[in-house]
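Now for the letters of each chain:
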Amino acid sequence: MAPVVFINSRDAKAAQIFTLAHELGHLWIGESAISSPDLAHGSTEEEYRIEKFCNQVAAEVLTPQADFLQRWNNHKNLEENIAEITRYYKVSSIVVLRRALELGRINRDSFFKQYKLELDKQQPIKESSGGNPYATYWTRNSKRLTQAIVSATFEGQLLYRDAASLLGVKVKTLEGLRERMEGR
């Protein structure tokens, strides 16, 4: 058994980096990030505690407390601090804003006001056109993982919708992947 971390390729790079750091927290404590499939029950207190811890791990990995506090300039306004720290750590403005709240550099009112402004600034991801999408699947998800998931699906060990979700593709794309696997 080996751990696997899935990163949504449609997320912004900063969000992908945060996800990776968060998932490393799960690996370090040996706790899966996959919740119980029983949707009738909400998250348990233990699951909440684990998620909170993993978010703290990600925050410390990406924006170490001591360094963050040193970089925060009380003589600059909130927007200037966010811009400078975002550029330095290469994280999203939301991560910087959240960290500033956690470390007592801003209050909750300032956080929520700025949080709304930051969300309004975010641009939707533009869809690109052209190119052969099959050429990227092998590298995006790794050839070995893609082959394992496609094989398990066509052997009846994995549902099509689950395989498509794991690979970040549509169900109809699975057949094309299988054809290309057989042709390789």
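Check the entry above for the structure.
What you are looking at is a predicted structure, and each value in this text was computed from that prediction instead of being measured.

Scoring rules and cut-offs
- Residues numbered from 1 in each chain as written.
- Predicted model: local features only at pLDDT ≥ 70, side-chain atom pairs only at ≥ 80, totals over all residues.
- Heavy atoms only, no water.
- Helix = DSSP H or I, 4+ residues; strand = E, 2+ residues; numbered from the N terminus.
- Buried < 20%, exposed > 50% of the residue type's maximum accessible area, 1.4 Å probe, protein only.
- Areas by Shrake-Rupley, 256 points an atom, 1.4 Å probe, with all protein chains shown as cover.
- Core = buried A, V, L, I, M, F, W, Y, C linked by side-chain atoms within 4.5 Å.
- Contact = heavy atoms within 4.5 Å.
- Arc of directions from axis to C-beta.
- Axes fitted to C-alpha atoms, helices over the stretch in contact; angles between N-to-C directions.
- Parallel < 35°, antiparallel > 145°, perpendicular 65-115°, else oblique.
- Left-handed = near helix turned anticlockwise from the far one by under 90°.
- Phe/Tyr/Trp six-rings, centres within 6.5 Å; stacked < 30°, edge-to-face > 60°.
- Polar contact = N/O pair within 3.5 Å; in protein donor to acceptor, adjacent residues only side chain to side chain.
- Nonpolar A, V, L, I, M, F, W, Y, C, P; charged D, E, K, R; others polar.

**Student:** Sorry, what's going on with the overall build of the protein here?
**Tutor:** Along the backbone of the protein there are 10 helices and zero strands. By residue count, 29% of the 184 residues in the protein fall in the buried class. Surface accessibility of the protein: about 12800 Å² in total, with carbon and sulfur atoms responsible for 53%.

**Student:** In this structure, what is going on with the nonpolar core? I would like to understand it.
**Tutor:** Proteins that are soluble and globular tend to have nonpolar side chains buried together. Grouped together as the largest cluster of nonpolar side chains are 18 residues, with contacts concentrated most on Phe 68, Trp 72 and Ile 106. Of all the elements in the fold, those that place two or more residues in this core are helix 2 (45–62), helix 4 (78–89) and helix 5 (93–102). Broken down by element, this core gets its largest block of residues, five residues, from helix 5. Discounting residues that sit within four places of it in the chain, Trp 72 has contacts with Leu 78, Asn 81, Ile 85, Ala 100, Arg 105 and Ile 106. In this structure, Val 150, Ala 164, Val 169 and Met 181 belong to the second largest nonpolar core, which totals 12 residues.

**Student:** Hey, could you run me through helix 10 (residues 171–183) in this one?
**Tutor:** Looking only at helix 10, the buried set comprises Thr 173, Leu 174, Gly 176, Leu 177 and Met 181. An end-on view of helix 10 places all buried positions within 165° of arc, on one side of the element. Exposed residues pointing more than 90 degrees away from the buried face of helix 10 are listed as Lys 172, Glu 182 and Gly 183. For helix 10, the secondary structure elements touched by its buried residues are helix 7 (133–140), helix 8 (143–154) and helix 9 (160–167).

**Student:** I tried to follow the packing of helix 1 (residues 13–29) against helix 2 on my own but got confused; where do I start?
**Tutor:** Direction vectors running N to C along helix 1 and helix 2 enclose 120°, while the axes themselves pass 8 Å from each other. The angle between helix 1 and helix 2 places the two elements in the oblique class. The handedness of the crossing between helix 1 and helix 2 is right-handed. Contacts from Ile 17, Phe 18, Ala 21, His 22, Gly 25, His 26, Trp 28 and Ile 29 of helix 1 reach helix 2 at Ile 50, Glu 51, Phe 53, Cys 54, Asn 55, Val 57, Ala 58, Ala 59, Val 61 and Leu 62.

**Student:** Can you help me understand the side chain of Thr 173 in this one?
**Tutor:** In this structure, Thr 173 sits in helix 10. In this structure, Thr 173 is in contact with Tyr 134 and Tyr 137, ignoring residues within four places of it in sequence.

**Student:** Help me understand the packing of aromatic side chains in this model?
**Tutor:** Two descriptors summarise a pair of aromatic rings, namely the distance from one centre to the other and the angle between the planes of the rings. Enumeration over the complete set of coordinates arrives at five aromatic pairs. On the basis of an interplanar angle of 25° and a centroid distance of 5.9 Å, the ring pair of Phe 68 and Trp 72 is categorised as stacked. Note on Phe 154 and Tyr 160: the rings are 5.4 Å apart at their centroids and 80° apart in plane angle, and the pair reads as edge-to-face. Overall, the relative accessible area of 39% leaves Tyr 160 in the partly exposed class. An aromatic cluster is built from Phe 111, Phe 112 and Tyr 115, whose rings are joined through pairwise contacts.

**Student:** Quick question: what am I supposed to make of the side chain of Gln 114 here?
**Tutor:** Secondary-structure assignment places Gln 114 in helix 6 (residues 108–121). At a separation of 2.7 Å, a polar atom in the side chain of Gln 114 contacts the side chain of Glu 118. Residues contacting Gln 114, with those up to four places away along its chain left out, are Leu 78, Glu 79, Ile 82, Leu 97 and Lys 121.

**Student:** Before we go on, may I ask you to explain the packing of helix 4 against helix 5 in this structure?
**Tutor:** In helix packing, the relevant descriptors are the interaxial angle and the interaxial distance, both defined with respect to the helix axes. With their axes 9 Å apart at the nearest point, helix 4 and helix 5 run at an angle of 120° to one another. With respect to their mutual orientation, helix 4 and helix 5 come out oblique. Along this stretch, helix 4 crosses helix 5, giving a crossing that reads as right-handed. Along its contact with helix 4, which presents Leu 78, Ile 82, Ile 85 and Thr 86, the element helix 5 presents Ser 93, Val 96 and Leu 97. Its residues placed into classes, the contact of helix 4 with helix 5 shows five nonpolar, two polar and no charged.

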